[in-house]
Amino acid sequence: MIEINDLSSIIPHGGKMLLLSNITRYNLEECNLEAEYHITENCLFFDPQIGGVPTWVGFECIAQAIAALSGISDLEKDEKNEKPRIGFIISISKMDVFLPVLKSGSTIVIKIKELDCMDLVYNFEGQIFLEGTKVLEGTLTVMEERGDVTNEN
């Protein structure tokens, strides 16, 4: 298990934007990961009018789980970076949301699995579970930034 205090070494999110509480398991050979996020009023997306977070925010949780898998892979390959690489969500498809709100005090389970990859573009299947029931699923296409990016003015 990777706890919240260690996540900063593998993903580029922090503070209220960090939407993972811990990594419960991962398998680099099978390209999958499972994580948890504890919904609190401190979440950047918390809406007091609904007493929680809109479930569609789960796609950002999935994206962060994908970033975590990439960061873990870098650590295991001994690719030491000063900070975790940045990735971008290119698209979300096959989106289904089965519950409108993730209530404060609940814990969601995030599951991701890589479907395919071409160059630096990856397709992942992602699912969110609340108390064992699937509340969101979809496919995310992400792109990972690699190499030095310079700003020439």
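Going by the structure above, here's the rest.
First things first, this report covers the structure right here in the doc. Every value quoted in this text rests on a predicted model; they were computed, and no experiment measured them.

Formed by 38 residues in total, the largest nonpolar core has its most connected members in Leu20, Ile23, Leu33, Ile62, Ile108, Ile110 and Ile112. The set of elements that each furnish at least two residues to this core consists of β3 (32-38), α1 (58-76), β7 (107-118), β8 (121-130) and β9 (133-144). The contacts of Leu20, once residues within four sequence positions are left out, are Ile4, Leu7, Ile11, Ala35, Glu36, Tyr37, Cys61, Gln64, Ala65, Ala68 and Ile110.

Moving on, we come to the sheet that holds strand β2 (residues 22-27). Taken in spatial order, the 7 strands line up as β1-β2-β3-β7-β8-β9-β5 in an open sheet, and their pairing is antiparallel. Of all strands in the sheet, those with a lone pairing partner are β1 (2-3) and β5 (87-97), marking the two edges. Pairing between β8 and β9: 10 bridges, direction antiparallel. The residue bridging Val121 from the neighbouring strand is Met143, located in β9.

What follows deals with the pairing of β8. The buried fraction of β8 is high, at 7 of 10 residues. Examined bridge by bridge, β7 and β8 share 10 bridges and lie antiparallel to one another. Looking at the pairing, Ile110 lines up with Ile128 of β8. What sits between the antiparallel neighbours β7 and β8 is a turn of 2 residues, in which Asp119 has the positive phi angle 60°. In textbook terms, the turn of a hairpin is the stretch between consecutive antiparallel strands, and for β8 and β9 this stretch comprises 2 residues, one of which, Glu131, has a positive phi near 50°.

Conventions we followed
- Residues numbered from 1 in each chain as written.
- Predicted model: local features only at pLDDT ≥ 70, side-chain atom pairs only at ≥ 80, totals over all residues.
- Heavy atoms only, no water.
- Core = buried A, V, L, I, M, F, W, Y, C linked by side-chain atoms within 4.5 Å.
- Buried < 20%, exposed > 50% of the residue type's maximum accessible area, 1.4 Å probe, protein only.
- Helix = DSSP H or I, 4+ residues; strand = E, 2+ residues; numbered from the N terminus.
- Contact = heavy atoms within 4.5 Å.
- Pairing = 2+ DSSP bridges.

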